[in-house]
Structures are given as structure tokens and as C-alpha cells.
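Report on the structure
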Amino acid sequence: MKDIAKLHYFTILCLTFFPKLAISLTLGSLTATQSLTNEQTLVSPGQVFELGFFDPGNSKWYLGIWYKKIPGKTVVWVANKDSPLSNSSSGTFKIGDRGNIVVVDEVGTILWSSKQTQEAVDPVVQLLDSGNLVVRETSEKDPEKHLWQSFDYPTDTLLPDMKMGSNFDSGFEWNLTSWKSSEDPSTGDYSFKLDVHGFPEIFLLNNQEPKYRSGPWNGMRFSGVPEMAPLNGLKFSFVMDEHEVTYSFSITNASLISRLIMNSTGHLERYTWIESSQEWNSYWYAPKDQCDNYKECGPYGICDTNASPVCRCMKGFSPKNLQAWNLRDGSGGCVRNTTLGCRSDRFLPLKNMKLPETTTAFVDKTMSIEDCKEMCLNNCSCTAYANYMINDGGIGCVTWTSELVDMRAYTEGSGQDLYVRLAASEIAYSGSADSGNGSDKTKEIIMVIGITVGIVLLSGLTVFFVWKRKGLQMIWKEKTERRKGPRERSQDLLLNEVVISSKKEYSGESNIDDLELPLFDFSTLAIATNDFSDENKLGQGGFGSVYKGRLVEDQEIAVKRLSKSSGQGVEEFKNEVRLIARLQHRNLVRLLGCCIEIDEKVLIYEYMENKSLDYVLFDKAKRSLLDWPRRFNIICGTARGLLYLHQDSRFRIIHRDLKASNILLDGEMNPKISDFGMARIFGKDQTEANTRRVVGTYGYMSPEYAMDGHFSVKSDVFSFGVLVLEIISGKKNRGFYYANNELNLLGHAWKHWRGGNGLELIDQSLGDLYSPSEVMRCIQVGLLCVQERAEDRPTMSSVVLMLSSETATLPQPKQPGFCLGRNPVETTSSSSKQESCTVNNVTVTMLDAR
Ligand SMILES: Nc1ncnc2c1ncn2[C@@H]1O[C@H](COP(=O)(O)OP(=O)(O)OP(=O)(O)O)[C@@H](O)[C@H]1O
């Protein structure tokens, strides 16, 4: 009792005379009635970290966290990095009205506040020994539960157990961003960002431009960081599942202090603290040499620091620009010596490699390397394959359908194996794809001997097996099964693509109930949209009306109020929306949440400043905003978005209604596909009940879809082709009639293409300001996509490849589907209407869907 009284007396003394010390005594917590001023700090319970105001040397003040016991204030997190205090005696850190934390200046203006969605009851702020600053409710017993944490808002430093990457459930994206300079913590030019697409890997970016790539995680380390051996006491971890893709590290030896930092000079650096010399030791950094520079040797070029010059073309390729290559500029890369032949191609094994960029690569985590090879061979656009992980002798399969870029060769035992597709003639026959030795004559002789021996052996074996017929049948069966593996697999893939699935398709893949998606109150949305007023209305679509809204936090949103006739159940609707919300790609419009109340179903999207493409492209006054580089960017971005929908390994989506009004444009005119989950959200019944609105849009529908209701990824490809030709010409396919009133846009484009004057198609408003070769390539890709037969149309992965490659020889397109004919009479009824349409002198019957 006596001791407690003493402690109490001591505390009061401290509070009176040493306010800074007094706060420290609260063991790192701050309640709603307390605040922290410039002279005070908050210390974590184990005295590991300290939070307070600091001046980094630019005479401005910031609230930050640093190591308590390490001299020289190594700052690991900054709150108000872009809104500093100008006066050392003016700042206060406290809990705000909604239970969020704020930094205010001397007149009470809020300079920074935590983005906290949920209001807190009796909140408390704690600085943990991990360096994490958290806001919790005092009554909350679970130490893991908090309303806000600084670890969700990293600045330039990754501390142990902090994650970088994306969490698909919470929507958090954790990146490191450099300070402007060592004395200015404001947002700098460099960032270190995990790209979750394809086979995830981390990029170091200068503004938005990649400078360095880690390579994907291969089970032991990043493919491009062979020196990433576990340090005694340090453990790296990479999680890649349906909930998250994240990288983090942890400390297993308590005496070790380590941090990873994206510094202001563009280097990623790992430091460890050396107690004896009292200094930070730079343990690792990147980029460290010429070969770490992103795409140093261009497509199909391999960088090797031990060679001079560092760039070389892989076997079967030659420098694209020999002059530049000889002047030691390898960035143009290499081109194939021999065009690929598809099924006859072979694979060149490359050892000790950093895998090429994997943002568009396809991963199958379980497939064997033999099946992987077979799958790649069966897909003519597949350029290479490799193991997905290198542990346990190699696991799974990764394939590329794009140009192979940013590769480097390491010394023996450091990198991994990569198999690159080459025309058969580039790999001399020797029984194994990598052998390049010996004259062709010798190989021919070996081949003949081999075949002869094979025949003799086979005849002998046949006699034997006739005798043992049963056994033979079994072996034969087993062999075919094994050989069928990848083909069956690709058939499965195809089936997945063709069928917009019922629940069964993905119900086994994840526990949907665990996912969180913000649910909005209908009343909040009514306030945000001014009671769904006409002034706020952005447009009307087949599924309902779209309104512009503004939330109290000033965030602009687009609110789609679905028409009440959706026959779906609430749980079914929620599940669909949750799945759609997990699809994230820079070319898909982001779904922010939904609202389900009584008979209201509402979707909340990010607001896109420039509305939809049709709104700009088909408007005489506005179309000049779309110069050629922007149009090309819209074509390529839309292609990437569609490829993601078609190929995302978790579940595939066929859009079914791709058109200009479903391509939304952000402030910089970047395209984002919208309505991509509508086909899922509205079930089959709804499709039938409302055919005109849901099935598709006349002018964009492929012949097989319009006529037989047959949809597949290739019907989306058709719609994409129409869109490309519309973007180039600035004219709608539907309602386009040339002077003779005979051709639609596809027919018009085809006529000019065949006549050798494809450029006639281009929108006159572009004048001469375009790249003829780029435009011609786009027209050719557009025409390939609208070919009449679905099997002739390319997949979206080939489309992306064709659009990005300046050198690839593109196939010649055949006659488009629906290229001639008059506009069917528009119908307002939902009943189907038959109309005659002529396709290349063959009369077909078409179902008018819209
Ligand atoms: N996120 C958004 N930001 C800004 N404007 C939007 C947004 N979403 C939709 N709009 C605008 O609202 C209009 C209607 O959109 P909606 O997706 O409902 O219909 P649509 O695409 O025109 O037709 P349909 O539903 O038949 O495909 C769009 O054309 C666009 O101009």
C-alpha cells in the first residue's frame, strides 16, 4: 500500500514537472483526454520505439516513430509527411472526435488524420514494441484487434512482421515510398510495390516507371535476388493465396535489429544494427549492377555481368538493332531468326536464370514440368515455361505468352531453369532440346540408327506383348492417360472459359463467408447522391441507373442502383459481389462496396472523372481530347483488363457486353472496364427475363452469340475487335453507314484493308498526328478479332502480345462476321426479333438482342 502511494505521488510529481516523462510512464498509450505536444513522446512498453515530433533538418516538424535506444533518430514512420508543421512549438497529436488520431497545428487546424472508417468508443492509442501505432477500444480484450494501425500505411520502411503487397479481403495495398530527400519526408519519386498480377513480383518504380524487378518468389527467395540467403535470425516469407499476396520478414533472434528501406536515391536497402560499433550496416541493396536495370537487354536479351558487353541474345535470336547493339545499347533486344511453327516447335533450356517478367504469366501450382511443357507446346502463343517453385526438385508450372523481358544469367547454382520456345530448326536434333553440338550429318546418322534400333526393339516387344496382351493393354492405357493429362487440362480450362459458372465452379476454392466487403446503409447512399436526384444521375444502363455521390469523407463515388427486377436472393447476390470485388486490376473499375436493403440492391464503384468512352469518342466536340497515344493506351489497357478477366486463375469471367459505354475513363484517360461482373450478378433466369438488356449489345455481338446464344471468350474477343475499330475511326459500328448505305464499320474497315489503304479508316480529327505503323497494327488486330469463325480469332493473350510487339509478323485476317448488312429495326420489346442480315452473300438469320 505504501509503495502504491509512493508511486502515485511520484507520478503526480512527474506530470507536473516533466510532462514528457509523464507520457512515457503511461507505457506507450494515449487516451481521449490526453494529447502529445512537441516536447513530449510516447514510448513503447519495452522501450523499443518512440513516437513524437521531429525536425529532419528542413526546419519543418513531423510526427514520427523512431528507435528509442538507437542514437541519431532513425525514423521508421511519418504521419504528416506531406503536411508538416512550420513551427516547433505548435503541434499537437491527439484523439479526434470520431476516435481517429489527428495532428493539429496551433490554431487547431487538422494537418493529418488517420483514415479510420469505424467510429471508436473509448479509444486508446498505443505504440507497440513492433513499431506499430494502433488505435483500439479500451474494452477490447483481443490484443490483435484494432480500428487502425500505422502498419497499414507504410512510409519508406518495412519493419519486421510488417507486410507489403495486397490483401484482397480488406482491400489494403501496402507499398514503400521514398522520402523526397534525407531531410524531407514528403512523398518522393521512388516506390517499391508488389504487383499481384500474373505471377506476383516486386517492382522498384521511379514515379510510375519500373527501374528494377525482384523476380517472382520461387519458394526460397525472389528469382532475381539469388544472394537472398536467410541471415541467422532473419526469416523471409511470401504468402500467395486467394486472400493476399504479401512479402514480409521476421526476426528469430531477439538481439537482431533489421529494417528494409526504399531510400530517396532510388535504392532498396536492408540495414542491420551493429551494437559493438553503434552503426547501421548496409547488409543488402538493389539495384546493384547494370543487369539489375529493368529491361537492360530488351526482349529476348540476356544480361550477364561477367560478360563484356553485358547483353547477349539467346540462341535462335539476333539483335534487333545491330548498330545500337554494337554501341552497347542492348535495350532494343533481340528478334527471332526463324518464325515459330507451333506444334513442331521445341524448347531451349536455359540454366541459372532470373525468370523473365511474370506480370502476365500463367501459374498452375500443381502441374508437373512435363505437363507444363505439353501445355505450352499446345498453345501456339506460349513463349516459355518453367517450374513455379524450385524447392523439392521443382514444383508446378509457370508459362509465358508474352515477349520474354528482363532476364539475367547468374553463376552456376544461383538462378533457375527456364525453357524457351524456338522453331525446331533452331535446335539441332540430338534427342535433347538443349544440345547444340555436333554436325547435322552426325546427328542424322545417330537419328537413323536410333530409329532402326527402335523399330527392331518394338517388333520384338510386339511379339512379347501379343503374348502378354492384357499387360500391354494396361501399359497402353496408363500411357495414354498420362499423355492426355495436359490436353484434358486445357479442355477443362476451355470449359471453364466457356461456361460462366454456377456456384459449383468456385465454391470449393475459398470460404466466401470469410471475405469482407464494405456494406453501405441505403440512407448513407441516399444522402451521398442527393436522394438519387436527376442532377446527380450519370447515366442509365441495362441494369439500372448510375448516380454520382459524395461521402462525408469527401470521397467521390459512382452508385449503381440496380433495377428491382433482379430475381436473385440476397445471399447469392452478396456472394457474387464479394467475388467480383476481389478482382483487382488497373484496367477494371474498382468495386468499393454494396448495399442490400429490403428490395434495394446497390453497387458502389470508384468514380471515373471522364465517364465512359462513348461519351468522349462519339462526341464531335470532345473527341479531340483523345489523341492517338491516348487511343492506343485505351486499346492496350482494355486488352490487358480483358485478358485478366479471361485468364485470372481463381475464376474466369466472360464479360458478354464489352462496348464503348462500358469502358470508363479516369482523369488521365486511362481505360477501366466496367460491368464486368454483371453477367455473374444476374443469374440465368434474369438473362432470359430481360434478354434485350443483359445478353449483349447489337453491333458488338459475335455471329455465333447473336445467332445461337453461344458465348465464349472468343465472343468477348469479337466485341473487343469492334471496339478497336471504333476507337480508330471514331465511329460507331452500329449505325455506321457509308455513302452507299451498304457497309457497316466492319465491312468498311475490311474493304479498305483489302484494298491496301487501311489508313483511310482513321478518324479525320486526328489529322496527321499518329503513328501509321501503330494504327495499321491496331486495324489488323481489330480485324483478326472480328473474324467470322470463333476459332480463327486470337485469344486475348495473343492480342496483348500483338499490340505490344512492333516486330511480330501478324497473321492475315479473314472476312469479318456481320460485315455487310443493314441495321436491323430496333425493337423495344424484350421478345426476340428475327431479322435478315447478309454476310458475304450468305444470308443468315440473326436474333436481334438489343
Ligand atoms: N464508375 C463510374 N464513374 C463515372 N461514370 C459512370 C460510372 N459507371 C457508370 N457511369 C456512367 O453511367 C452510364 C451508365 O452506366 P451503366 O454501366 O449502368 O450502363 P451502360 O454501360 O451505359 O449500359 P449497360 O448497363 O446496358 O451495359 C455510363 O455510360 C457512364 O457514362
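The rules behind these values
Residues numbered from 1 in each chain as written. Predicted model: local features only at pLDDT ≥ 70, side-chain atom pairs only at ≥ 80, totals over all residues. Heavy atoms only, no water. UniProt positions renumbered as here; feature names shortened; annotations may be inferred. Pairing = 2+ DSSP bridges. Helix = DSSP H or I, 4+ residues; strand = E, 2+ residues; numbered from the N terminus. Salt bridge = Lys/Arg side-chain N within 4 Å of Asp/Glu carboxyl O. Buried < 20%, exposed > 50% of the residue type's maximum accessible area, 1.4 Å probe, protein only. Near = heavy atom within 4 Å. Polar contact = N/O pair within 3.5 Å; in protein donor to acceptor, adjacent residues only side chain to side chain. Areas by Shrake-Rupley, 256 points an atom, 1.4 Å probe, with all protein chains shown as cover. Nonpolar A, V, L, I, M, F, W, Y, C, P; charged D, E, K, R; others polar. Domains from an automatic or database assignment.

As named in an unreviewed UniProt entry, the protein chain is Receptor-like serine/threonine-protein kinase, taken from Juglans regia. Under the UniProt heading Sequence similarities (unreviewed entry), the entry covering the protein chain gives this text: "Belongs to the protein kinase superfamily. Ser/Thr protein kinase family." The Subcellular location (unreviewed entry) comment attached to the protein chain in UniProt states, word for word, "Cell membrane".

1. A closer look at the sheet that holds strand 11 (residues 133-137)
Spatially, 1-10-11-12 is the arrangement adopted by the four strands of the open sheet, whose pairing is antiparallel. Only two strands of the sheet have a single neighbouring strand rather than two, namely strand 1 (29-31) and strand 12 (148-149). Pairing geometry for strand 10 (residues 123-127) and strand 11, over five bridges, is antiparallel. Looking at strand 11, one finds that Gln-126 is bridged to Val-134.

2. A few points about the pattern of salt bridges
The tally for this structure, following the rule as stated, stands at 23 salt bridges. We note a salt bridge from Asp-406 to Arg-213, for which the minimum N-O separation is 2.7 Å. Highlighted residues: Asp-406 in the loop between strand 32 (397-400) and strand 33 (407-409) and Arg-213 in strand 19 (residues 209-216), separated in sequence by 193 residues. In this pair, the class of Asp-406 matches that of Arg-213, namely buried. A salt bridge links Lys-354 to Asp-406, with the shortest nitrogen-to-oxygen separation between them at 3.7 Å.

3. Observations regarding the site of the ligand
Neighbouring residues of the ligand: 23 residues in total, closest Gly-542, Lys-560, Glu-606, Ser-612 and Asn-662. In the model, a nitrogen atom of the ligand is placed 2.9 Å from a nitrogen or oxygen of the Met-608 main chain. When the ligand sits alone it has 600 Å² of accessible area, and the protein chains cover 94% of it. At the level of elements, strand 35 (537-541), strand 36 (544-550), strand 37 (556-562) and strand 39 (600-606) are the ones that each hand at least two residues to the shell around the ligand. Per-element accounting of the shell around the ligand gives the leading share, four residues, to strand 35. For the shell around the ligand, the per-class residue count stands at eight nonpolar, eight polar and seven charged. Formed jointly, the shell around the ligand draws a minimum of three residues from each of two domains, domain 4 (515-606) and domain 5 (613-690 + 712-817).

4. Focus on the pairing of strand 8 (residues 101-104)
Side chains Ile-101 and Val-103 project from strand 8 onto one buried face, and the interleaved Val-102 and Val-104 project onto a second face that is buried too. Looking at chain direction, strand 7 (residues 92-95) and strand 8 are connected through four bridges and run antiparallel. By the bridge assignment, Ile-95 is partnered in strand 8 with Ile-101. Taking the residues between adjacent antiparallel strands as the criterion, strand 7 and strand 8 are bridged by five residues, where Gly-99 takes a positive phi near 85°. As paired strands, strand 8 and strand 9 (residues 110-113) are joined by three bridges and run antiparallel to one another. Counted as the bridge partner of Val-103 is Trp-112 from strand 9. Following strand 8, the chain reverses through five residues before pairing antiparallel with strand 9; Gly-108 in that reversal takes a positive phi of roughly 90°.

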